[in-house]
Amino acid sequence: MARTKTPEPKAAACEVCKGTGEVSRTVEVGRKRRTVGKQTGFCLNCLGSGEAPAE
């Protein structure tokens, strides 16, 4: 009788992006650095994977 395979443990979610792989940054323009909105981009901590980086 063959053993059943145990599932591999899931990687922990990235703390910075909460596992989404994207983060929001404030966009500022002009000399007075006026805030005009937010822009999303991929997380530089996990490089968009959503998994916590190995230490």
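Structural notes, computed from the coordinates. A quick note: this is a predicted structure, and the numbers were derived from the prediction, not measured.

How each quantity is defined
- Residues numbered from 1 in each chain as written.
- Predicted model: local features only at pLDDT ≥ 70, side-chain atom pairs only at ≥ 80, totals over all residues.
- Heavy atoms only, no water.
- Pairing = 2+ DSSP bridges.
- Helix = DSSP H or I, 4+ residues; strand = E, 2+ residues; numbered from the N terminus.
- Polar contact = N/O pair within 3.5 Å; in protein donor to acceptor, adjacent residues only side chain to side chain.

## A word on the pairing of strand β1 (residues 22–29)
So, point 1. For β1 and strand β2 (residues 34–42), the ladder comprises eight bridges, and the chain directions are antiparallel. For valine 27, the partnering residue across the bridge sits in β2 and is glycine 37.
So, point 2. In this structure, the hairpin formed by β1 and β2 is closed by a connection of four residues, where glycine 30 is found at a positive phi of approximately 85°.

## Thoughts on the environment of serine 49
So, point 1. Its place among the elements puts serine 49 in the segment after β2.
So, point 2. In sequence terms serine 49 and arginine 34 are 15 residues apart; their C-alpha atoms lie 32 Å from each other.
So, point 3. Among the polar contacts listed, one links the side chain of serine 49 to the backbone oxygen of cysteine 46, at a separation of 3.1 Å.

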